Amino acid sequence: MKFAKWALALSYCLWIAVAEADVSHHFEFLYIDANEGSASGGHAAIKFDRQVFHFQHIQPGLLRLYRNDAAAFEFAYGYQENRNIYGHRIDVSDDFFQALRDTFSRRLLIQNQQLSLLQALHDDQVLVSGLQNLGSAPPLPLKGLGYFLTQYRAAEAFPVEDGKHSNTSQALQQLREAIVNEYGEDFLAAKRMQVWQTLQALKPDVAGNSTISEPTDTHFTATNSSFAEQYRNQLLNLAALDALQARLSPRTESLLQIPEATFKLNAAQRNKLQDFRQRLFADLITLVRSRRSDWGYPLLVGMARLYALEHTAASGCLTVLDRSRSESDDLQATIIDEDNLPAALQYSQQVFAAASGHLDSPATLDELAYSEIELSATALIQSHKPNADRHALKLLPLTTTPSRPAAAELIDLPLPASELAHFQNSVTQEIETYQSQLQSLYGYNLLSRNCVTEIFRGINQTVAGIAATTKESPNQASQRLLGGYIDEKGLNMIPFVAYSHIADEYRLTASYQRTPFREQQRLQRYRQMPQWQVDLQESNTLSSTIYNSNREDAAFLFFTQDQIWPRPLLGSFNLAIAGGQGLYGLFSWPWDDGDNLRKGLKGIVVSLPELLFFNIRKGSFPGLLPEAKIYLPEVF
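Okay, so let's go over this structure. Just so it is clear, the model here is predicted, and its values are computed rather than measured.

## Things to note about the sheet that holds strand β6 (residues 140–143)
Strand pairing in a sheet relies on backbone hydrogen bonds, with the paired strands running either antiparallel or parallel. Taking strand neighbours across the sheet as the criterion, the three strands line up as β6-β12-β7 in an open arrangement whose pairing is mixed. Looking at which strands have only one partner, the edges of the open sheet turn out to be β6 and β7 (151–152). In this sheet, strand β12 (residues 405–408) lies alongside β6 in antiparallel orientation, the contact comprising four bridges. Bridged to L140 within β12 is A408. Relative to β6, helix α7 (residues 227–245) is tilted by about 60 degrees, and along the sheet it contacts β6, β7 and β12.

## Things to note about the sheet that holds strand β5 (residues 85–91)
Taken in spatial order, the six strands make up an open sheet running β4-β3-β2-β1-β5-β13, and their pairing is antiparallel. Whereas interior strands pair on both sides, the edge strands pair on one side only; in this sheet they are β4 (62–69) and β13 (508–514). Between one strand and the next, the sheet's axes are offset by a mean angle of 25 degrees, whatever the strand orientation. Relative to strand β3 (residues 51–58), strand β2 (residues 43–48) is paired through three bridges, and the arrangement is antiparallel. By the bridge assignment for β3, K47 is matched with V52.

## Side note on the nonpolar core
Within the largest apolar cluster, 94 residues are counted, with the highest numbers of intra-cluster contacts made by F148, L175, Y231, L235, M303 and L318. Among the elements that line this core, the one with the most residues is α7, at eleven residues. Leaving out residues up to four positions away in the same chain, L318 has contacts with L256, Q257, I258, F263, L265, L273, T312, F352 and I373. One finds F53, I90, F104 and I486 within the second-largest nonpolar core, a separate group that totals 33 residues.

## With respect to the side chain of K618
Along the chain, the position of K618 falls in the segment after α19 (595–607). No salt bridge is formed by the buried K618; its nearest oppositely charged neighbour, D33, is found at 4.0 Å.

## Thoughts on the packing of helix α3 (residues 94–132) against helix α13 (residues 453–470)
Packed helix pairs are characterised by how far apart their axes lie and by the angle those axes make with each other. Contact geometry for α3 and α13: axes closest at 10 Å, N-to-C directions at 125 degrees. In terms of their interaxial angle, α3 and α13 are classed as oblique. The crossing of α3 and α13 is right-handed. Judged by residue contacts, F96, A99, L100, T103, F104 and R107 of α3 engage E454, I455, G458, I459, T462, V463 and I466 from α13. Its residues assigned to classes, the contact of α3 with α13 comprises eight nonpolar, three polar and two charged.

## A look at the environment of L121
Along the polypeptide, L121 turns up in helix α3. With relative accessibility at 2%, the residue L121 sits in the buried group.

## Description of helix α12 (residues 417–442)
Side chains that are three or four residues apart share a direction in an α-helix, a result of its 3.6 residues per turn. Across its 26 residues, α12 extends 37 Å between first and last C-alpha, which sits within 8% of the 38 Å expected from 1.5 Å per residue. Considered for burial, the residues of α12 that qualify are L420, F423, S426, V427, E430, I431, Y434, Q437, L438, L441 and Y442.

## Some details on the packing of helix α5 (residues 187–200) against α7
The N-to-C vectors of α5 and α7 enclose an angle of 160 degrees; their axes lie 9 Å apart at closest approach. Taken together, the axes of α5 and α7 are roughly antiparallel relative to one another. For α5 against α7, the interelement crossing comes out left-handed. Counted together, L188, K191, R192, V195, W196, T198 and L199 of α5 and Y231, Q234, L235, N237, L238, L241, D242, L244 and Q245 of α7 form the full contact between these two elements. Tallied by class, the residues present in the contact of α5 with α7 amount to nine nonpolar, four polar and three charged.

## A short note on the pairing of β5
By the bridge criterion, seven bridges tie strand β1 (residues 26–32) to β5 in an arrangement that is antiparallel. If you follow F27 over to β5, its bridge partner there is I90. As judged from the six bridges shared by β5 and β13, these two strands associate in the antiparallel manner. Within the sheet, the bridge partner assigned to H88 lies in β13 and is S511.

## Remarks on unusual backbone geometry
With glycine set apart, most residues show a phi of negative sign, and most peptide bonds adopt trans. The residue after Q59, namely P60, is reached through a cis peptide bond having omega 5 degrees. Tracing the backbone through its elements, the reader meets P60 in the loop between β3 and β4. With a phi angle near 55 degrees, N82 is a residue other than glycine that sits in the positive phi range. Within the secondary structure, N82 sits in the loop between α2 (70–80) and β5. On the accessibility criterion, N82 (2% relative accessible area) is buried. One non-glycine residue, K471, lies in the positive phi region at around 65 degrees. As for its position among the elements, K471 is in the loop between α13 and α14 (474–482).

## Regarding the pairing of β3
Linking β2 back to β3 in an antiparallel pair, the connection comprises two residues, with D49 at a positive phi of about 50 degrees. Where β3 meets β4, eight bridges bridge the pair, whose relative direction is antiparallel. Counterpart to Q56 in the pairing with β4 is R64. Following β3, the chain reverses through three residues before pairing antiparallel with β4; G61 in that reversal takes a positive phi of roughly 75 degrees.

## Thoughts on the pattern of salt bridges
Here the structure, examined in full by the defined rule, presents 25 salt bridges. Of the charged contacts in the structure, one is a salt bridge between R305 and E374, with a shortest N-O distance of 2.7 Å. With a gap of 69 residues between them, R305 in helix α9 (residues 296–315) and E374 in helix α11 (residues 367–384) connect regions that are remote in the sequence. Each member of the pair, R305 together with E374, is buried. Ionic pairing is found between E519 and R522, a salt bridge with its closest N-O pair at 3.2 Å. You can see E519 and its partner R522 sitting in helix α16 (residues 517–526), three residues apart, about one turn around the helix.

Scoring rules and cut-offs
Residues numbered from 1 in each chain as written. Predicted model: local features only at pLDDT ≥ 70, side-chain atom pairs only at ≥ 80, totals over all residues. Heavy atoms only, no water. Pairing = 2+ DSSP bridges. Helix = DSSP H or I, 4+ residues; strand = E, 2+ residues; numbered from the N terminus. Contact = heavy atoms within 4.5 Å. Axes fitted to C-alpha atoms, helices over the stretch in contact; angles between N-to-C directions. Core = buried A, V, L, I, M, F, W, Y, C linked by side-chain atoms within 4.5 Å. Buried < 20%, exposed > 50% of the residue type's maximum accessible area, 1.4 Å probe, protein only. Lys, Arg positive; Asp, Glu negative; His and termini not counted. Salt bridge = Lys/Arg side-chain N within 4 Å of Asp/Glu carboxyl O. Parallel < 35°, antiparallel > 145°, perpendicular 65-115°, else oblique. Left-handed = near helix turned anticlockwise from the far one by under 90°. Nonpolar A, V, L, I, M, F, W, Y, C, P; charged D, E, K, R; others polar. Expected span 1.5 Å × (residues − 1).

Structural data, given as structure tokens:
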């Protein structure tokens, strides 16, 4: 759900503030019931304090572990996807709680490293192909450089200064002078020559790729920086030094300014930003002598922020880096319709107000707090900006770090063509092997490896590890630690069966249900209108005042989750409408890229169970925005 992703990224600033650690030591098993969309047959998760771990099916057919803030998870599934969330609290000892959480945290880190390694292999493949065909090679995107340039070609030495630059930055002029005073007049030229020589000396490590160990879900893989990563880092280092040498000002379109009418800085807030600028200035002087290989990116971002802070001090209005993706990334953009525009604006104002509170806090303004201000300011400006369609607003995805890219031309390396060809063949074979190994380790299977089985597998692995040290059988240890033992095989792979089985086996302290958004709204209307009138009005999509049709849901007429006995009759109407949408999709394929056909088929799939008294579809609310009362759930 595109809007969910944008809203949850925007909410990061607020949720990070409220996600304080609980002192209790119980974990929770969560069952999320069915609805149209992802995990349409139901979903499961495990919750530790304010962290929720859950597994999702990703391409190409892998089961990936994710970790989310609990409030964000509840909002996405209980509100935007309108699903019931059921929970069991299992009381455990402090030691077992920590061990179990460590099991899932460790697996998350291991799997993320393995998928990053797979991506690095793909990057190597693309780079080597480009080096073999420089004339037709696509440019290499360099993150952070887009704040200064749109295109970049590195040369062996600093570009000759012609004195014609009209966008010289006083902030970068001061930084360059401070670096020269600290390290000497020839330091920057010598530093750049060193980087150029390092780039030209790069060689692909064929032996390194062939020695990648087979992945496991319990151990990290020892790896070095990939060839593509080393190449990209050196290009970024060159670009950062060139921007510093030319004293470039960031591109106007890469900066955002909060109007004074929206947010006016007071004297104390300006002083706090000035203090942050001074510490950033000193950090950048130290950074240029860093021994790490990837100092170019933080130097670029730091210089862009230095300029933004200087502009803030001069104008009195908060200026920040734009943290949204490029306008060309339309496929990832979120469209907010006219009805939700006021809520989107109000919510972005709430998030910015919370983040800007760092400027009033007695604590020192650090990089994380300043980053939250940048992110929330970007969301606020997006919510205010004019749009060609006055009845909708396009919101670009937000980035977790300042990463606006620029296109860099590939620089040829003095490598024999045979060596590049050999490395490309080696990388291609390694990709095939590693993908196959990951498929064996994490391959999704509806019956034997899904979101439920992997939770029980993690629990049982933790129990088995403890049993090995206490000389117990896994079953005995599970009885002592949890109150019972549940195997990940058999019918336990079904979310609602697993939820029921946990109630019979594990030592519970409480169970609860979180009511989904639509049902909450119905209950509120019961206090305003007769129940029969509410039930009649909200029984269908035509007269409903709660639900609005959206781009995520297939077309349907009746809500069938509220009534059991009329469900087959109502489902037959829904099935007919889904069939009609699918039929229309056959003719509309040329201009909607098969969207109506896919939705029609999806509607048929979720309507058929209604003929057998079983409900899946409940309607979703992708345009829904969080409210302050959602951030700290009463029992979640």
